[in-house]
Amino acid sequence: MNNQEINTLKILEEVGREESSSQRDIARNLNISLGLVNSFIKRLVRKGHLKITTIPSNRVKYLLTPKGAVEKTRLTYAYIQYSYHFYKDTRIKLKRLFSELSEQNVKSIAFYGATDIAEIAFLSLQETPIQLAVIFDADKAGNSFLSLTIEHPDRLSEFSYDRILYTSDKPIDELFGKINAEKMVLVS
């Protein structure tokens with residue numbers, strides 16, 4: 001499933017909601033540009049997935065057509081399959097990684113990023129003797145995640161762990177680059 005299909009699904013879901021949404025609302029809710037929403041809506045109307053009706057005050061309302069409902073169902077199924085394969089592949093990679101770390105006598109690990117990947121890593125970690133020591137995430141510091149309080153990466157040196165696994169869904173940031181290279185672990 002590519003980004004275009006994912007964005008199409010998200011827009012179809014937004015339009016299918018009970019309350020009427022403007023393109024600006026859709027863009028804000030999906031955290032994508034207004035121009036991108038506009039081009040997607042135009043394409044969906046052209047394909048017959050959406051219908052535009054005029055409502056008072058020079059506003060328009062987008063309606064999901066039967067053809068659009070079928071496309072939304074198809075994309076939802078594709079997204080579920082994509083997510084399942086992502087989960088399965090990630091579990092296999094993490095199981096292999098944690099097995100290697102266990103063989104290296106690693107006893108504790110930290111996660112850098114409180115994300116879905118961290119949740120999958122935590123599940124995989126339960127099958128090993130390795131303990132999760134701490135989770136770092138600049139954006140979520142102070143919140144709870146996997147029954148631990150998320151710490152700010154500025155505090156990296158205050159905690160004891162053998163390795164740190166990059167579990168963020170963002171590109172590697174400069175704080176992660178300051179970690180001792182011997183302790184870094186990436187899922188590949």
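Values in this document were obtained by computation on a predicted structure and should not be read as measured data.

Chemist: Residue-level account of the overall build of the protein, with values.
Modeler: A count of helical and extended segments in the protein gives six helices and eight strands. For the protein, whose C-alpha radius of gyration is 22 Å, the value lies well above the compact-globule estimate of 16 Å for 188 residues. Along the longest, intermediate and shortest principal axes, the C-alpha atoms of the protein span 65 × 30 × 25 Å. Buried positions account for 36% of the 188 residues belonging to the protein. Of all intrachain contacts in the protein linking residues separated by at least 6 positions in sequence, the fraction that spans at least 24 positions is 51%. Summed over all atoms, the accessible surface of the protein reaches about 11,400 Å², with 50% contributed by carbon and sulfur. For the protein, the distance from the average position of its 26 positive side-chain charges to the average position of its 23 negative side-chain charges is 10 Å.

Chemist: Which residues make up a nonpolar patch on the surface, and what values do they have?
Modeler: A contiguous nonpolar patch, built from Val-45, Ile-52 and Val-60 and spanning about 190 Å² of accessible area, is present on the exposed surface. Within the element layout of this structure, Val-45 appears in helix 3 (residues 34-46).

Chemist: Just give me the short version of the packing of aromatic side chains, but keep the residues and values in it.
Modeler: One pass over the full model with this rule turns up four aromatic pairs. For the pair Tyr-112 and Tyr-166, a centre-to-centre distance of 5.5 Å together with 20° between the ring planes defines the contact as stacked. Here Tyr-166 lies in strand 7 (residues 163-166) and Tyr-112 lies in strand 3 (residues 108-112), a separation of 54 residues in the sequence. For the pair formed by Tyr-112 and Tyr-166, the shared burial category is buried.

Chemist: Give a detailed account of the environment of Ser-160, specifying residues and quantitative values.
Modeler: One can find Ser-160 in the loop between strand 6 (148-149) and strand 7. Residue Ser-160 is classed as exposed on the basis of its relative accessible area, which comes to 64%.

Chemist: Give me helix 3: which residues, what numbers.
Modeler: With 13 residues, helix 3 extends 18 Å from end C-alpha to end C-alpha; this agrees with the ideal 18 Å at 1.5 Å per step. All buried positions along helix 3 are accounted for by Val-37, Phe-40, Ile-41, Arg-43 and Leu-44. Summarising the axial view, the buried residues of helix 3 lie within an arc of 165°, below the 170-degree limit, and thus occupy one face. Relative to its buried face, helix 3 has exposed residues pointing more than 90 degrees away, namely Lys-42 and Arg-46. The inward-facing, buried residues of helix 3 abut helix 1 (3-16), helix 2 (23-30), strand 1 (50-55) and strand 2 (59-64). Looking one or two places after helix 3, you find Gly-48, whose phi comes out positive at around 85°.

Chemist: Tell me about the side chain of Glu-14, and name the residues and values.
Modeler: Its place among the elements puts Glu-14 in helix 1. For Glu-14, a relative accessible area of 7% puts it in the buried group. For Glu-14, the side chain forms a polar contact with the side chain of Asn-29, separated by 3.0 Å. If near-sequence neighbours (up to four positions away) are discounted, Glu-14 is found in contact with Ser-21, Ile-26, Asn-29 and Leu-30.

Chemist: Can you break down the confidence of the model for the protein residue by residue, with the values?
Modeler: Residues with a pLDDT of 70 or more make up 90% of the protein, whose mean pLDDT is 89. The weakest mean pLDDT in the protein belongs to helix 6 (residues 174-177) at 62; the strongest belongs to strand 4 (residues 131-136) at 95.

Chemist: Report on the nonpolar core, specifying residues and quantitative values.
Modeler: Leu-94, Phe-98, Leu-101, Ile-109, Phe-111, Leu-125 and Leu-165 are the most contacted members of the largest nonpolar core, which totals 18 residues. At the level of elements, helix 4 (66-103), strand 3, helix 5 (116-125) and strand 4 are the ones that each hand at least two residues to this core. In this structure Ile-109 touches Phe-98, Leu-101, Leu-125, Ile-130, Gln-131, Leu-132, Ala-133, Val-134, Tyr-161, Arg-163, Ile-164 and Leu-165, once residues within four positions along its chain are discounted. If you look at the next biggest cluster of nonpolar residues, it comprises 15 residues, including Val-15, Ile-32, Ile-41 and Leu-44.

Conventions and cut-offs
Counting from 1, residues in each chain are numbered in the order their sequence is written. With the structure being a predicted model, the display of local features is reserved for residues of pLDDT at least 70 and the display and counting of side-chain atom pairs for 80 or more, all residues being used for whole-chain, interface and lining totals. Here the side-chain values reflect all heavy atoms present in the structure, with hydrogen atoms and water set aside. Counting from the N terminus, the helices are DSSP H or I runs at least four residues long and the strands are E runs at least two residues long. Between the two quantities, the radius of gyration covers C-alpha atoms and the globule rule is 2.2 Å times the number of residues to the power 0.38. Here's how the labels work: a residue is buried when its accessible area is under 20% of the maximum for its type, exposed when over 50%, partly exposed in between, all with a 1.4 Å probe on protein chains only. Contact criterion: two residues are considered in contact whenever any of their non-hydrogen atoms come within 4.5 Å of each other. Residue-level accessible areas treat just the shown protein chains as cover; the underlying method is Shrake-Rupley with a 1.4 Å probe. Lys and Arg are tallied as positive, Asp and Glu as negative. Neither His nor the chain termini are counted. In plain terms, the charge of a residue is placed at NZ if it is Lys, CZ if Arg, CG if Asp and CD if Glu. Patch building starts from residues that exceed 30% relative accessible area and form no salt bridge, then joins like charges within 9 Å and nonpolar side chains (Val, Leu, Ile, Met, Phe, Trp, Tyr) within 5 Å. By definition, a salt bridge exists where a carboxyl oxygen of Asp or Glu is found within 4 Å of a side-chain nitrogen of Lys or Arg. Side-chain rings of Phe, Tyr and Trp, where Trp is taken by its six-membered ring, are said to pair if the distance between their centres is within 6.5 Å; with planes under 30 degrees apart they count as stacked, over 60 as edge-to-face, and otherwise as tilted. Multiply 1.5 Å by the residue count of a helix minus one, and that product is the helix's expected span. This arc is taken over the directions from the axis of the helix to the C-beta atoms. Side-chain atoms alone can form a polar contact between residues adjacent in sequence; in general such a contact is a pair of N or O atoms within 3.5 Å, and within protein one must be able to donate a hydrogen while the other accepts it. A residue's pLDDT is the confidence the predictor assigns to it, expressed on a 0 to 100 scale. In these notes, a set of buried Ala, Val, Leu, Ile, Met, Phe, Trp, Tyr and Cys residues joined through side-chain atoms within 4.5 Å is what counts as a nonpolar core.

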